[in-house]
Amino acid sequence: MKSTDESLEELGWNAFFSEQLSVEETQDCHPVRVMAVHRGKITVAGAGVQHSVTPYIPGASPSDDHPTVGDWLLIDDATLQPTRVLRRMNLFKRRAPGDPRKEQMIAANIDTLFIVASCNQDFSVARLERYLVLAHEVGVHPVVVLTKTDLTETPEAFAAAARAIEPGLRVETINGRDPASAACLAAWCGPGKTVALLGSSGVGKSTLVNTLRGSDSIATQAIRAKDDTGRHTTTVREMHRLGGGGWLLDTPGMRELHLSDAAAGVSEIFDDFVLAAQGCRFSDCAHGNEPGCAVQAAIAAGTLTAARFDRWRQLTAEERATPTYPKRRR
Ligand SMILES: Nc1nc2c(ncn2[C@@H]2O[C@H](COP(=O)(O)OP(=O)(O)OP(=O)(O)O)[C@@H](O)[C@H]2O)c(=O)[nH]1
Ligand SMILES: [Zn+2]
């Protein structure tokens, strides 16, 4: 056991979690947050302490919730065993590679998802839309972060294209290598706040991680932990402390998360199309050459654009082709 100077609030504890505790649990248990998951062991942090516990919850069935990084767990004060996983604000999961019926949990309880894209030829509104669909589906607040502003004369043109995707969408433009420029993200990285990053390869996620963590970061430092057999296992911790007091949840699973993991949520990004389609004469209108198609009428009138229509069609077709992403909890 290692002592730390973090309070529960600094770890992200809030009323959403505390309200889930029964009177008995308040007396007999203490909450801890899962900082890392290893084989057969998890590292947890509570008020002022950090230690390892078994990830197995006595009496839990295989279908019960098992702890993942970012989770809040209750630990029995007497036995020091976990008793249950608290209900999550949100959960990233994906179908297990090799077995689509199985799900792999990736990360839980994220306050803000930074969707990272770069201001260059890799910039794609269609791709951003898909990441936003995923964010909506998981129920996490998205902020679009456009990197590499130093490589373009017109960062605002990229930002405007991103903002046009969804009303009210927060879009920030930064040079990911420059801490002063990335300071605009501080609002989401304050004490107790958890952020995660998503974005295609090469857009500058690692660079941004290093910048957010500051010069005294331990980004590449592996943590040596003793496992039960006394052997040393080297593992990179998955919740990283940020300079401003927040937490960055950076796991390999998060990095490998595919856009195909998004399914529903399309209707939220394209709610204008969904609304227009309600005006079509036929309820099964494919919005092609059908008579009385309100979507085609709106495109002809210029209220909806043909480019977004194509993306909407493509995403809804993919949605039909893949099983839906598990519905988020409220
Ligand atoms: N000029 C400039 N270069 C940047 C910026 N952000 C990242 N880069 C560079 O872009 C390249 C890719 O950055 P990474 O941080 O490795 O990208 P990544 O998203 O982590 O890529 P993967 O690890 O493949 O997922 C590196 O050479 C960075 O130095 C930026 O804001 N401006
Ligand atoms: Zn139609």
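Residues numbered from 1 in each chain as written. Chains lettered and ligands numbered in written order. Predicted model: local features only at pLDDT ≥ 70, side-chain atom pairs only at ≥ 80, totals over all residues.

- For the protein chain, the name recorded in an unreviewed UniProt entry is Small ribosomal subunit biogenesis GTPase RsgA, with Sphingomonas oligophenolica as its organism.
- The UniProt entry for the protein chain carries the following text under Subcellular location (unreviewed entry): "Cytoplasm".
- Taken verbatim from the UniProt record of the protein chain, the Sequence similarities (unreviewed entry) comment is "Belongs to the TRAFAC class YlqF/YawG GTPase family. RsgA subfamily." (UniProt positions renumbered as here; feature names shortened; annotations may be inferred.)

1. Quick look at the overall build of the protein chain
And step 1. In terms of helices and strands, the protein chain carries 11 helices and 16 strands.
And step 2. By the burial criterion, 35% of the 330 residues in the protein chain qualify as buried.
And step 3. Considering only intrachain contacts with a sequence separation of at least 6, the fraction spanning at least 24 residues in the protein chain is 65%. (Helix = DSSP H or I, 4+ residues; strand = E, 2+ residues; numbered from the N terminus. Buried ≥ 20, exposed ≤ 12 C-beta atoms within 10 Å, placed from the backbone. Contact = placed C-beta atoms within 7 Å.)

2. Comments concerning helix H10 (residues 294-301)
And step 1. Among all positions in H10, only Val295, Gln296 and Ala298 are buried. Viewed end-on, H10 has its buried residues packed into an arc of 160 degrees, placing them on one side of the element. Facing away from the buried side of H10 by over 90 degrees, the exposed positions are Ala300 and Ala301.
And step 2. Phi turns positive, to about 85 degrees, at Gly302, one or two residues after H10. (Arc of directions from axis to C-beta.)

3. Quick notes on unusual backbone geometry
And step 1. Backbone geometry at Asn109 places phi at a positive 60 degrees, although glycine is not the residue there.
And step 2. Considering the arrangement of structural elements, one finds Asn109 in the loop between strand S8 (99-108) and strand S9 (112-118).
And step 3. When the 25 C-beta atoms within 10 Å are taken as the criterion, Asn109 is described as buried.

4. Regarding the site of ligand 1
And step 1. Residues in contact with ligand 1 amount to 15 residues; listed here are only the nearest, Gly176, Ser201, Gly204, Ser206 and Thr207.
And step 2. Sorting elements by how many residues they give to the shell around ligand 1 places helix H6 (residues 205-213) first, with 3 residues.
And step 3. Here the residues of the shell around ligand 1 are counted per class, giving 2 nonpolar, 9 polar and 4 charged. (Near = placed C-beta within 6 Å. Nonpolar A, V, L, I, M, F, W, Y, C, P; charged D, E, K, R; others polar.)

5. A closer look at the nonpolar core
And step 1. Core analysis: the biggest nonpolar cluster contains 72 residues, and Ala107, Ile115, Val116, Ala196 and Leu249 have the highest contact counts within it.
And step 2. Counting residues per element, this core draws most heavily on helix H3 (residues 125-138), which supplies 7 residues.
And step 3. Discounting residues that sit within four places of it in the chain, Ile115 has contacts with Leu128, Tyr131, Leu132, Ala135, Pro142, Val144, Val145, Leu198 and Gly199. (Core = buried A, V, L, I, M, F, W, Y, C linked by C-beta atoms within 7 Å.)

6. Some points on the confidence of the model for the protein chain
And step 1. Summarising the model, the protein chain shows a mean pLDDT of 84, and 83% of its residues fall at 70 or more.
And step 2. In the model of the protein chain, strand S13 (residues 223-226) stands out as the element of lowest mean pLDDT, 39, in contrast to strand S11 (residues 170-173), which has the highest, 98.
And step 3. Note that residues 216-235 has pLDDT below 50 and, in this model, 21 contacts with residues that lie over four places away or in other chains.
And step 4. Reported confidence for the predicted complex is 0.96 by ipTM and 0.80 by pTM. (pLDDT = per-residue confidence, 0-100.)

7. Thoughts on the domain arrangement of the protein chain
And step 1. Domain annotation of the protein chain identifies domain 1 (2-87), domain 2 (108-261) and domain 3 (266-321).
And step 2. With 14 residues of domain 1 at the interface, the matching set in domain 2 holds 17 residues.
And step 3. Take the side of domain 1 that touches domain 2: its biggest share by element is 3 residues, from strand S2 (residues 29-38).
And step 4. For the side of domain 1 that touches domain 2, the residue count by class is 5 nonpolar, 5 polar and 4 charged. (Domains from an automatic or database assignment.)

8. Focus on the pairing of strand S12 (residues 194-198)
And step 1. Burial within S12 is extensive, with 5 of its 5 residues counted as buried.
And step 2. With burial as the criterion, each face of S12 is covered, one bearing Thr194, Ala196 and Leu198 and the other bearing Val195 and Leu197.
And step 3. Summarising the sheet, S9 and S12 pair through 4 bridges and their orientation is parallel. Among the inter-strand pairings, Leu113 is bridged to a residue of S12, identified as Ala196. (Pairing = 2+ DSSP bridges.)

9. Points about the sheet that holds strand S16 (residues 247-249)
And step 1. In spatial order, the strands read S11-S10-S9-S12-S16-S15; together these 6 strands make up an open sheet with mixed pairing. Whereas interior strands pair on both sides, the edge strands pair on one side only; in this sheet they are S11 and strand S15 (239-241). Strand-to-strand twist across the sheet, computed as the mean angle between neighbouring axes with direction ignored, equals 30 degrees.
And step 2. Alignment of S12 against S16, held across 2 bridges, turns out to be parallel. Directly across from Val195, in S16, lies its bridge partner Leu248. (Axes fitted to C-alpha atoms, helices over the stretch in contact; angles between N-to-C directions.)

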